[in-house]
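Spelled out, the chains give:
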Amino acid sequence: MTRFERNHVRPRRRVVVTGLGAVSSLGNACELWDRLLAGESGIRSADNLDPAVINCTVRGDVDDATVPNRFLDAKTYRNTSRFARMGIEAAGDALIDAGLIDRDTLDATTDLESAGAVIGTCGAGVHDDFIDAWESYKERGVRGVPTHLHVSFPHNLAGYGIQSRFGLGGPSLTLTTACATGAQAIGEAFEEVRDGHAPIMVGGATESTHHPMYAAGFAVMRALVTDSNDNPAAASRPFDATRAGFVLGEGAAMLVLEDLEHALARGAHIYAEVLGFASSNDAYHPIAPLPEGTGAARAIYAALEDAGLASEAVDHVNAHAASTQAGDLAESEAMRRVYGARVAAIPVTSMKGALGHCMGASGALETIAAVRSIAEQIIPPTLNYHTPDEAIGLDVVHGSPRPAEIDIVAKHSFGLGGQNACLILARYDESRES
């Protein structure tokens, strides 16, 4: 395998995670973690998926009634797309958790003008806003088009909503790299802090998938599981020999990434440290992963190199594992290439058994779980793992949470278009060399 050595020309700052925020089918960031440990599922029957029309009627939906609107006035809320609203709520939650916003007054406790954000999404408001506007246009002409259409559905409007609401005037980026989006957004935000461009960055992703067209596009690809409409919680089966396709999910997750010196100076709570990040492309097929896992392995190798670590340092893998036959197997092949003979001894988990595949937001939601695993030294179980697949041959944590000594975690995220991303996360150690 040809490997390219990165050349860092800027001083490297240490980057830590000081805040977590989420909107998910299992609740906010705290509820999400507790319910993952409890083995709960957020996958349910979807009211707007008709079995006479579509062969998969289960989804990991966010219950809008449970999501507070703490940060937007009524008019702004009405004119903000659902994906952006979830992102703003998750970002505000993360900033409160980091102590950068007062929980009661919702005012900033420090000047955030130099802080920035890297926010990802796959579909943005195309399904929720643009499709409905098109139908209205066909019926009523221009009069049927919402005045705020072009400042509601575009991909960068979640980032705008977050940066404008919280006064983040620093680096700004919106990205979409399919199902690798969430992890890559966090990785790009990490690099902004590490390279000295901002003392604080919000990194994460948001996705709204409740429009039936989102599911329809995957149904026609035969990518969705169709054998569990009567038992939604059993539908997503990562790494299991009986896995039969993925389940759509949705939500938002944001992390506050902070320069270590800045965090220490204000007495911030530190969940974990980000040591490395890399991405790659399979350059192979728009849907299918490289069966040998070589593209994914390139991203993992490069992330470890970015972190200055050998593969032997990895104690736990928070996997992508979407519950597809080809994808889960390819990920295991990539892991064998990177971790060698010890691959069967590394505890691995996938959150998609509980949440479904939250598309662009999946890697960000799963990174919250990875960070909490480091902070709490425990690994949540992979739901619905009952029948090991000999071809995969991994130590899949299942049944109940597993206490473990975790210093280094690799977080994998892969997606359509050959997208691969990997984050290397670590337990914070003040003596660790930068």
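Source: prediction; values computed, not measured.

Draft legend 1. Highlighting the overall build of the protein. Of regular secondary structure, the protein possesses 12 helices and 15 strands. For a compact globule of 434 residues, the expected C-alpha radius of gyration is about 22 Å, and the protein comes in at 20 Å, within 12% of that figure. Its C-alpha atoms give the protein principal-axis dimensions of about 65 × 50 × 40 Å. Relative to its full complement of 434 residues, the protein shows a buried share of 58%. Looking at the protein as shown, the accessible area adds up to about 17,000 Å², and 51% of this sits on carbon and sulfur atoms.

Draft legend 2. Geometry of the side chain of threonine 367. You can see threonine 367 is positioned in helix 12 (residues 362-376). On the basis of relative accessible area, threonine 367 is assigned to the buried category, the value being 0%. The contacts of threonine 367, once residues within four sequence positions are left out, are Ile186, Leu255, Lys411, Leu423 and Leu425.

Draft legend 3. Representation of helix 6 (residues 181-194) within the structure. In a regular helix each residue adds 1.5 Å, so 14 residues correspond to 20 Å; helix 6 covers 20 Å between its end C-alpha atoms and thus fits that length. For helix 6, a buried count of 12 out of 14 residues is recorded, marking the element as mostly surrounded by other parts of the structure. Two residues or fewer after helix 6 comes glycine 196, characterised by a positive phi angle close to 80°.

Draft legend 4. Molecular detail of the pattern of salt bridges. In total, this model carries 25 salt bridges according to the counting rule given. In this structure, aspartate 64 engages arginine 82 in a salt bridge whose closest nitrogen and oxygen atoms are separated by 3.0 Å. Of this pair, aspartate 64 sits in the loop between strand 3 (58-59) and helix 2 (74-78) while arginine 82 is found in helix 3 (residues 82-97), placing the two residues 18 residues apart along the sequence. On the basis of relative accessible area, aspartate 64 is assigned to the partly exposed category, the value being 39%. Looking at arginine 82, the relative accessible area reads 5%, which means it is buried.

Draft legend 5. Fine view of the environment of tyrosine 385. Along the chain, tyrosine 385 turns up in the loop between strand 11 (378-379) and strand 12 (395-396). With 144 residues separating them in the primary sequence, tyrosine 385 and alanine 241 have C-alpha atoms 8.5 Å apart. The residues contacting tyrosine 385, other than those within four sequence positions of it, are Pro238, Phe239, Asp240, Leu394, Val396 and His398.

Draft legend 6. Here's a closer look at the pairing of strand 4 (residues 116-120). Most of strand 4 sits inside the fold, with five of its five residues counted as buried. Alternating positions in strand 4 separate into two faces, Gly116, Val118 and Gly120 on one and Ala117 and Ile119 on the other, with burial throughout. Bridge count between strand 4 and strand 6 (residues 200-207): five bridges; the pairing is parallel. Among the inter-strand pairings, glycine 120 is bridged to a residue of strand 6, identified as alanine 205.

Draft legend 7. Fine view of the packing of aromatic side chains. Enumeration according to the criterion identifies five aromatic pairs in this entry. Considering the side-chain rings of phenylalanine 71 and phenylalanine 166, the 5.2 Å spacing of their centres and the 75° angle between planes classify their relative orientation as edge-to-face. Pair noted here: phenylalanine 71 is in the loop between strand 3 and helix 2 and phenylalanine 166 is in helix 5 (residues 157-166), with a separation of 95 residues, a long-range link. Ring-pair connections join several aromatic residues into one group, and the members of that group are Tyr214, Phe218 and Phe246.

Draft legend 8. Focus on the nonpolar core. If you look at the biggest cluster of nonpolar residues, it comprises 49 residues, and the most contacted ones within it are Val17, Leu20, Leu255, Leu257, Leu365, Val371 and Leu425. Among the elements that make up this core, the one with the highest residue count is helix 12 (seven residues). What leucine 20 contacts, discounting residues up to four positions off in sequence, is Ala29, Asp93, Ala94, Asp97, Met254, Leu255, Tyr271, Ile368, Val371 and Arg372. The next biggest cluster of nonpolar side chains, apart from the first, holds 31 residues, and it includes Phe71, Ala94, Ile119 and Ala124.

About the thresholds
Residues numbered from 1 in each chain as written. Predicted model: local features only at pLDDT ≥ 70, side-chain atom pairs only at ≥ 80, totals over all residues. Heavy atoms only, no water. Helix = DSSP H or I, 4+ residues; strand = E, 2+ residues; numbered from the N terminus. Rg over C-alpha atoms; globule rule 2.2 N^0.38 Å. Buried < 20%, exposed > 50% of the residue type's maximum accessible area, 1.4 Å probe, protein only. Areas by Shrake-Rupley, 256 points an atom, 1.4 Å probe, with all protein chains shown as cover. Contact = heavy atoms within 4.5 Å. Expected span 1.5 Å × (residues − 1). Salt bridge = Lys/Arg side-chain N within 4 Å of Asp/Glu carboxyl O. Pairing = 2+ DSSP bridges. Phe/Tyr/Trp six-rings, centres within 6.5 Å; stacked < 30°, edge-to-face > 60°. Core = buried A, V, L, I, M, F, W, Y, C linked by side-chain atoms within 4.5 Å.

Shape is all these values report; function is a separate question.
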